[in-house]
Amino acid sequence: MGCASSSQFGPRAVGHGDPAVLASDTSFTVNEVEALYELYRRMSCSIIKDGLIHKEEFQLAMFRNSKKANFFADRVFDLFDLKRNGVIDFEEFVRSLSVFHPRAPTSEKTAFAFKLYDLRGTGYIEKEELREMVLALLDESDLCLSDSVVEAIVDNTFNQADSNGDGKIDPEEWKEFVKKNPAALRNMSLPYLQDITLAFPSFIMRSEAND
């Protein structure tokens, strides 16, 4: 399947869904869904021109580098890949990106953030998983902290969230932690999504593949 033009967007397109249905099921309007298709089209044809977003294309668009190993990018891609087939189609793209819309319910953002940290899919966040994500986020932010500072951050966060002291954070404990620490969701809203019909975010696709 080649890269379709935006004029080919329609309910019969494979993996594209009906804009009205996607809008009713997500935080996007129909106009926003249609604008997202152009963004999706550009991303899905940036490296492998098959109309689907591969991990390298996702990493290039969101993190400006298709070559460098990126644990955080891998984790987000895996959560967007709802069908677990190694690529992201347009419907998956819209439904997953919706959680980052400023209008998306806090409950959805909280649940997505929990899944982001629940690396092994056990339904709990263990201390080692928290440590791995903290290190990944610090790496993504180009912050270099000493091991002792990292451990202090992990210990403090985990002790606050693990309210029953059983050595793991369950979904209810996570909800309570987020209520008390709303900054935990500060990366779960992308303001540009409210203005997607006016202009595409400047960081998307501003870098070419560094071959």
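Structural data are supplied above this passage.
Just so we're clear, the structure is a prediction, and the values are computed from it rather than from any experiment. (Residues numbered from 1 in each chain as written. Predicted model: local features only at pLDDT ≥ 70, side-chain atom pairs only at ≥ 80, totals over all residues. Heavy atoms only, no water.)

A. Spotlight on the layout of surface pockets. Considered as a void within the structure, the largest pocket measures approximately 1100 Å³ in volume. F72, Y117, L137, R186 and N187 are the residues nearest the centre of the largest pocket, which is lined by 31 residues in total. Sorting the residues of the lining of the largest pocket by element identifies α3 (55-63), α4 (71-80), α6 (106-117), α7 (127-140), α8 (147-161) and α9 (171-180) as the ones contributing at least two each. Here the lining of the largest pocket takes five residues from α7, the largest share from any one element. By residue class, the composition of the lining of the largest pocket is 24 nonpolar, five polar and two charged. (1 Å grid on protein atoms, 1.4 Å probe; cavity = no way out; pocket = protein on both sides within 12 Å on 5 of 7 lines; lining within 4 Å. Points joined across faces, edges and corners; volume = space filled by probe spheres on them. Helix = DSSP H or I, 4+ residues; strand = E, 2+ residues; numbered from the N terminus. Nonpolar A, V, L, I, M, F, W, Y, C, P; charged D, E, K, R; others polar.)

B. How the structure looks around α8. For α8, with 15 residues, the first-to-last C-alpha span of 21 Å sits near the 21 Å given by 1.5 Å per residue. Every buried residue belonging to α8 is among V150, V154, F158 and A161, and all of these are buried. Buried residues of α8 fall within an arc of 65° about the axis and therefore sit on the same side. Of the exposed residues in α8, those oriented more than 90 degrees away from the buried face are S148 and N159. Lining the buried residues of α8 we find β1 (125-126), α7, β2 (168-169) and α9. (Expected span 1.5 Å × (residues − 1). Buried < 20%, exposed > 50% of the residue type's maximum accessible area, 1.4 Å probe, protein only. Arc of directions from axis to C-beta. Contact = heavy atoms within 4.5 Å.)

C. Broad picture of α9. Residues E173, W174, F177 and V178 constitute the buried set of α9. Seen end-on, α9 carries its buried residues on one side only, within an arc spanning 135°. Away from the buried face of α9 by more than 90 degrees, exposed residues K179 and K180 are located. Contact partners of the buried residues in α9: α6, β1, α8 and β2. Sitting at the amino-terminal end of α9 is D170, which places a side-chain oxygen 3.0 Å from the backbone nitrogen of E172. (Polar contact = N/O pair within 3.5 Å; in protein donor to acceptor, adjacent residues only side chain to side chain.)

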